[in-house]
Amino acid sequence: MFKAILIEKDDAGYRAGVTELADDRLPEGDVTVRVAYSTLNYKDGLAITGKGPVVRSFPMVPGIDLAGTVETSSHVGYKPGDQVVLNGWGVGETHWGGLGQKARLKGDWLVPLQAPFTPAQAMAIGTAGYTAMLCVLALEKNGITPEKGEVLVTGAAGGVGSVAVAVLAKLGYCVAASTGRPQEADYLKSLGAAEVIDRNTLSAPGKPLAKERWAAAVDSVGSHTLANICAQMRYGGVVAACGLAQGMDFPATVAPFILRGVTLAGVDSVYRPRDQRIQAWQRLASDLDVSKLEAITTTIGLGQVVETAGQLLSGQVRGRVVVDVN
Ligand code: NDP
């Protein structure tokens, strides 16, 4: 038996809670992992509360991230005792996920735990942090360097935003952090933000083109915010777009793209090829100051997951949430 969060949807409604499950209920897979830590990402919040159509089959153990130790494996790449990390691949959406003490998965989805991170640190980073690094890699791929000018990070006090601020600052960028929580200004500055701006200046409908300011941006918010960012980009600027915390819409014009040569780089973490995942984790190992992870992270147990999921969606959670599933 093992404990897990189970989401059910039937005539009695949509509900999630901690349950004891028998091992024989684990789904098919060639690797069984004894989970040490999982996390709560925005997507997990949507899945657990039912506020977004994330879960594709029921019952479902949510959790798009996990870190743990291989218990049994028939996959050539893994043997019992190996420490592994999983991010995405539809886990927690279509396949039982990390918010439980055991998971059975496809070995092809796993990556080895990246040194020097502990399982808890890897989950403090989680999909949000790994996506933040994918955004940084997208900026670099499009020619952005610290000398090009200021970089804007939106949703800065959230998971993706916090890690993006910390990484970009360590790489020498001048980072402006956009947040709706002015009380988190000191936190954002401690992560390396040079300036904190009020997200309300970006969230209302704006003009197709505005005064040129940003060389690059990491946006986890979407909607009018993303449209306004594009309008404020400097000539040749690059925006890495990964999220929809404000909305999935993109009410923009082509003006920034055709008149200022702005690049909009879309970032997906879920089905990212394995070599790029490993590259992102290696770069996190070199470019994220692990001492910053402590300030970014809150740790909870399985029993607090449902309540915290609601708080996360209402923007009350700062940084990242690690779940100690044991
Ligand atoms: P969090 O909830 O931790 O952070 C989201 C942040 O967005 C909040 O903390 C808040 O920051 C800001 N925000 C929330 N609501 C609004 C709003 N109405 N208008 C403007 N800003 C808002 O989530 P994550 O960091 O885990 O994820 C961020 C986004 O990125 C989500 O949309 C998620 O789905 C997406 N994502 C996408 C991935 C991909 O593969 N493409 C992978 C991971 C995440 P503040 O309080 O500072 O304003």
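Note on numbering: residues in each chain are counted from 1, in written sequence order. Residue-level local features of this predicted model are given only where pLDDT is at least 70; pairs of side-chain atoms are given and counted only at 80 or more, and the full residue set underlies all totals for whole chains, interfaces and linings. Water and hydrogen atoms play no part in the side-chain values, which are based on all heavy atoms of the structure.

**Side note on the state of the cysteines**
Cysteine pairs can be covalently joined through their sulfur atoms, and such a bond is termed a disulfide.
Point 1. Two cysteine sulfurs form what is called a disulfide whenever their separation falls within 2.5 Å. Taken as a whole and judged by the stated rule, the model has 0 disulfides.
Point 2. Among the cysteines around cysteine 135, which has no disulfide bond, cysteine 242 carries the closest sulfur, lying 3.9 Å off.

**Thoughts on helix α2 (residues 119–141)**
Point 1. Over its 23 residues, α2 extends only 29 Å from the first C-alpha to the last, a length that falls short of the 33 Å expected when each residue adds 1.5 Å.
Point 2. Within α2, the axis deviates most sharply at glycine 126, by approximately 70°.
Point 3. Helix and strand labels come from DSSP, where a helix needs a run of H or I of at least four residues and a strand needs a run of E of at least two; each type is numbered from the N terminus. Following α2 by one or two positions, glycine 143 has its phi on the positive side, about 90°. Take the number of residues in a helix, subtract one, and multiply by 1.5 Å to get its expected span. The quantity called bend is, for any residue, the angle between two axes fitted respectively to the seven residues ending at it and the seven beginning at it.

**A look at the domain arrangement of the protein**
Note: interface size is frequently given as the accessible area lost on complex formation between the parts.
Point 1. Split into domains, the protein comes out as domain 1 (2–113 + 291–324) and domain 2 (126–266).
Point 2. Placing a centre on the C-alpha atoms of domain 1 and another on those of domain 2 gives a separation of 28 Å.
Point 3. When checking whether two residues touch, look at their non-hydrogen atoms; a contact exists if any pair is within 4.5 Å. Across the boundary between the two partners, domain 1 contributes 16 residues, which contact 15 residues of domain 2.
Point 4. Using a 1.4 Å probe, buried area is obtained as the accessible area two parts lose upon being combined, added over both of them. Here domain 1 and domain 2 share an interface that buries about 1,200 Å² over both sides, 59% of which is from carbon and sulfur atoms.
Point 5. Contact with domain 2 buries area across many residues of domain 1, yet Lys292, Ile296 and Arg318 alone supply 38% of it, more than any other trio.
Point 6. Here, a salt bridge means any Lys or Arg side-chain nitrogen found within 4 Å of an Asp or Glu carboxyl oxygen. Connecting domain 1 to domain 2 are 1 salt bridge.
Point 7. A salt bridge links arginine 318 to glutamate 184; the shortest N-O distance between them is 3.1 Å.
Point 8. We define a polar contact as two N or O atoms separated by no more than 3.5 Å, with the added condition that, inside protein, one atom must be a possible hydrogen donor and the other a possible acceptor, whereas residues neighbouring each other in sequence contribute only through side-chain atom pairs. In this structure, the connection of domain 1 to domain 2 is made through 7 residue pairs in polar contact (both at pLDDT 80 or more).
Point 9. For the side of domain 1 that touches domain 2, the element with the most residues is helix α9 (residues 290–296), which contributes 3 residues. These domain boundaries are the output of an automatic or database domain assignment.

**Some thoughts on the nonpolar core**
Point 1. Nonpolar cores were defined as sets of buried Ala, Val, Leu, Ile, Met, Phe, Trp, Tyr and Cys residues, with membership established by side-chain atoms within 4.5 Å. Accessible area is worked out with a 1.4 Å probe on protein chains only. A residue is then buried under 20% of its type maximum, exposed over 50%, and partly exposed in between. By size, the foremost hydrophobic cluster in this structure holds 50 residues, and its most contacted members are Leu139, Leu168, Trp281 and Leu284.
Point 2. Top element by residues in this core is α2. It accounts for 14 residues.
Point 3. A domain-level breakdown of this core finds at least three residues from each of domain 1 (2–113 + 291–324) and domain 2 (126–266).
Point 4. Setting aside residues no more than four positions away along its own chain, leucine 139 makes contact with Ile144, Val151, Leu168, Ala216, Ala217, Val218, Val238 and Ala240.
Point 5. Membership of the second largest hydrophobic core comes to 41 residues, among which are Phe2, Ile5, Leu99 and Leu313.

**Examining the site of the ligand**
Point 1. Residues are classed as near a molecule or strand on a simple rule: at least one heavy atom within 4 Å of it. Looking at the ligand, there are 25 residues lining it, with Val160, Thr179, Gly180, Arg181 and Ser269 nearest.
Point 2. Cysteine 242 places a main-chain nitrogen or oxygen 3.0 Å from a nitrogen atom of the ligand.
Point 3. Taking valine 267, its main chain carries an N or O atom lying 2.9 Å from a nitrogen atom of the ligand.
Point 4. For the ligand, whose accessible area on its own is 910 Å², the fraction buried by protein is 87%.
Point 5. Those elements that provide at least two residues to the shell around the ligand are α2 and α3 (159–170).
Point 6. Looking at the shell around the ligand element by element, the count peaks at 3 residues for α2. Accessibility throughout is a Shrake-Rupley quantity obtained with a 1.4 Å probe, and a residue counts as covered only by protein chains that appear here.

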